[in-house]
Amino acid sequence: MVEILDAIDSVLYYPILLVVMAAAGLYFSLRMGFVQIHRLPEGMRLVMAKPTDEKGTSPFQALMVSSAACVGTGNIIGISTAICLGGPGAVFWMTVMALIGAASSFVECTLAQIYKRKNSEGTSYGGPAYYIEDALHNKTLATAFVVFLLLTYSFGFNLVCSYNVQSTFSVYSFYDPSVTPAIIGAILAILCGACVMGGAKRIEKAASILVPFMGVAYVIVTAIVLVMNIGMIPHVIAMILEDAFNFKAILSGVAGSCLVMGIKRGLYSNESGVGSAPNAAASAIVSHPVKQGLVQMLTVYIDTIILCNATAFMCFVSGVVPTKETAGAVWVQNSLFSELGHFGPLFITVAMLIFSFTTLIGNIYYCENGLAYLNGKKMPSPSFMRGFHIYAILIVFIGAIIPMTAAWSLADITMGGMTLINLPACVALSGVVIKAYKDYEKQKAQGLDPVFKAESIGMDPEELDFWK
């Protein structure tokens, strides 16, 4: 079974997803003048903007929910796995795909804002399922996307996340492979359950506190290690670039090459174009949909450009050689142990616990949005949601005790299904985003704080819940 999953995983990412992701990202970048770079300072400025409705979710809260779901085990375990199995060049290709993918993130999140729905409380919700159904008039495809989303975030990703957390304890003397994973899985499931039972607002609050705290702490520790080994940095950069452009090695082992491993683990980490972040982006209350698109694309920078590269450089400068046997938490912990002693592995364990906790609750937030779509655009009954939360919590426990290969392959396949539905839909609807972006740019050039009206770009306001 594991071999079959691995074979499907390999074909899905090379060449199918490689071509789709690169082509879509480049298309969006060229059509909008590399908005992900040109408007990066604007996105950073908009992060702290207040919601236009006090009852609504702020741009910062929406960003933190999407960051909570993707800033996590992928930043530590994912990048370690990519390097140990694919080579140092995986870092370069992961970074390149992140920069290209940031444009896809901008497009999908802007679309989610344009086509978002209004609930009974006056706040908003939405995501790819809604713009696929409303704009492309394809409910079947929208439903298929939601099914993949539920499989990915309630099952695949939570399996991987839970497994990765328990694996960080394997370096300690008390670790017993037959007992410890189950104990850690149970503790993690209980903590996760205590949070998600409180609903979406509690998830938003937890994410807005934990994500910035742990992200800053992680960057500080990384900076300390890099300063201690500053002379090694030029050598590390040269090693990454040399391996990245070793096309003979890439082509001779495509499935496990640095190119494919960088793309796979990079996509798992930042999720640009997957269709997850739009579910959080739609909840923000802003005066113009482009504003939240610019804010949400920062997730890619936070996740991959900063945190994933931080892990890679921190480990490389330590001099500890990455091997297939140490793929995952072990290589990172061994690297930090060589630099910071016993504090190193302990810090990684704490970081993994906090990162994974925010990932798990962020994943369940996405699932709640998907379940509402399948239930006629309204949240299922409290009793159904309790049952779903119990199922999701059980998956967290199971993930701690299953083999790593199976967990990664399942997550890759379900995430790939989401991406192959969402990105073509974004390409088909990109004209709407381009018009909205030009409208935003025009108002900015006039010295205005942009306010969006659907009719200003030729849309029928009656077909939308907002932007009248």
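You'll find the structure just up there.
Reading the values: rules and limits
Residues numbered from 1 in each chain as written. Predicted model: local features only at pLDDT ≥ 70, side-chain atom pairs only at ≥ 80, totals over all residues. Heavy atoms only, no water. Helix = DSSP H or I, 4+ residues; strand = E, 2+ residues; numbered from the N terminus. Buried < 20%, exposed > 50% of the residue type's maximum accessible area, 1.4 Å probe, protein only. Contact = heavy atoms within 4.5 Å. Areas by Shrake-Rupley, 256 points an atom, 1.4 Å probe, with all protein chains shown as cover. Salt bridge = Lys/Arg side-chain N within 4 Å of Asp/Glu carboxyl O. Phe/Tyr/Trp six-rings, centres within 6.5 Å; stacked < 30°, edge-to-face > 60°. Lys NZ or Arg CZ within 6 Å of the ring centre and 35° of its normal. Core = buried A, V, L, I, M, F, W, Y, C linked by side-chain atoms within 4.5 Å. Expected span 1.5 Å × (residues − 1). Axes fitted to C-alpha atoms, helices over the stretch in contact; angles between N-to-C directions. Parallel < 35°, antiparallel > 145°, perpendicular 65-115°, else oblique. Nonpolar A, V, L, I, M, F, W, Y, C, P; charged D, E, K, R; others polar.

Asker: Explain the overall build of the protein chain here, please?
Answerer: Tallying secondary structure elements over the protein chain gives 21 helices and two strands in all. In the protein chain, which comprises 468 residues, the share counted as buried stands at 61%. Relative to all contacts within the protein chain whose residues are 6 or more apart in sequence, the contacts with residues 24 or more apart total 83%. Carbon and sulfur atoms provide 69% of the accessible area of the protein chain, an area that totals close to 17,500 Å².

Asker: I keep staring at the pattern of salt bridges and nothing clicks. Help me out?
Answerer: It is possible for side chains bearing opposite charge to pair when their charged atoms get close. Going through the model one piece at a time under the given rule, you end up with seven salt bridges. The partner of E133 in a salt bridge is K377, with the nearest N and O atoms 3.2 Å apart. Here E133, found in helix α7 (residues 128-136), pairs with K377, found in the loop between α18 (343-374) and α19 (382-399); they are 244 residues apart in sequence, far enough to count as distant. Here E133 and K377 have matching classes, each one buried. By sharing partners, the salt bridges in this structure join E42, R45 and K444 into a single network.

Asker: Please clarify how the packing of aromatic side chains should be interpreted in this entry.
Answerer: To describe a pair of aromatic rings, one takes the distance between the centres and the angle between the planes. What the rule picks out here adds up to 18 aromatic pairs. Considering the side-chain rings of F316 and W331, the 5.7 Å spacing of their centres and the 65 degrees angle between planes classify their relative orientation as edge-to-face. A residue pair is termed long-range when its members are at least 10 positions apart, and F316 in helix α16 (residues 298-318) and W331 in helix α17 (residues 329-340) qualify at 15 residues. Residues F316 and W331 agree in their burial class; the two are buried. Put simply, the rings of F92, W93 and F245 touch in pairs and so form one group of aromatic residues. Positioned over the ring face of F466 is K116, at 4.6 Å from the centre of the ring.

Asker: Please explain unusual backbone geometry as it appears in this structure.
Answerer: Negative phi values dominate among residues other than glycine, just as trans dominates among peptide bonds. Of note in this structure, H137 is not a glycine but carries a positive phi near 55 degrees. One can find H137 in the loop between α7 and α8 (139-167). Take H137: its relative accessible area is 67%, and that puts it in the exposed class. If you check the backbone angles, K377 has positive phi at about 70 degrees while not being a glycine.

Asker: What should I look at first to understand the nonpolar core in this one?
Answerer: Ranked by internal contacts, the top residues of the largest apolar core, which has 131 residues, are M32, F106, Y115 and Y218. With 15 residues, the top contributor of residues to this core is α18.

Asker: Which parts of the structure should I look at to understand α17?
Answerer: Helical geometry: 3.6 residues make up each α-helical turn, so side chains three or four residues apart lie on a common side. Taking 1.5 Å per residue, 12 residues should reach 16 Å; α17 reaches 16 Å between its end C-alpha atoms and fits that length. Listed as buried for α17 are A329, W331, V332, Q333, S335, L336 and E339.

Asker: Where do I start with the environment of L40 in this structure?
Answerer: Mapping L40 onto the fold places it in helix α3 (residues 40-46). As a C-alpha pair, L40 and V295 span 255 residues in sequence and 8.6 Å in three-dimensional space. If we skip the residues at most four places from it in the chain, L40 touches V35, M297, L298 and Y301.

Asker: Help me understand the packing of α7 against α8, please; the structure alone is not making it clear to me.
Answerer: How two helices sit against one another is set out by the angle between their axes and by the gap between those axes. Here α7 crosses α8 at 170 degrees, and the two axes come no closer than 8 Å. Judged by the inter-axis angle, α7 sits roughly antiparallel to α8. Counting all contacts with α7, which are made through P128, A129, I132 and E133, the residues of α8 involved are K139, L141, A142, F145 and V146. Class assignment for the residues of the contact of α7 with α8 results in seven nonpolar, no polar and two charged.

Asker: I would appreciate a short explanation of the packing of helix α6 (residues 90-114) against α16 in the present structure.
Answerer: Look at α6 against α16: their axes get within 9 Å of each other, and the N-to-C directions meet at 170 degrees. Between α6 and α16, the angle is such that the two are roughly antiparallel. Taken together, the residues of α16 that come into contact with α6 (itself represented by V91, M94, T95, A98, L99, A102 and S105) are V300, Y301, T304, I305, C308, N309, A312 and F316. For the contact of α6 with α16, the class distribution of residues is 11 nonpolar, four polar and no charged.

Asker: Sorry, what's going on with the environment of G126 here?
Answerer: Inspection of the secondary structure puts G126 in the loop between β2 (124-125) and α7. For G126, a relative accessible area of 0% gives the class buried. For the pair G126 and K116, spaced 10 residues apart in the sequence, the C-alpha separation amounts to 4.6 Å. Once residues lying within four places of it in the same chain are set aside, the contact partners of G126 are P278, N279, A282 and N369.

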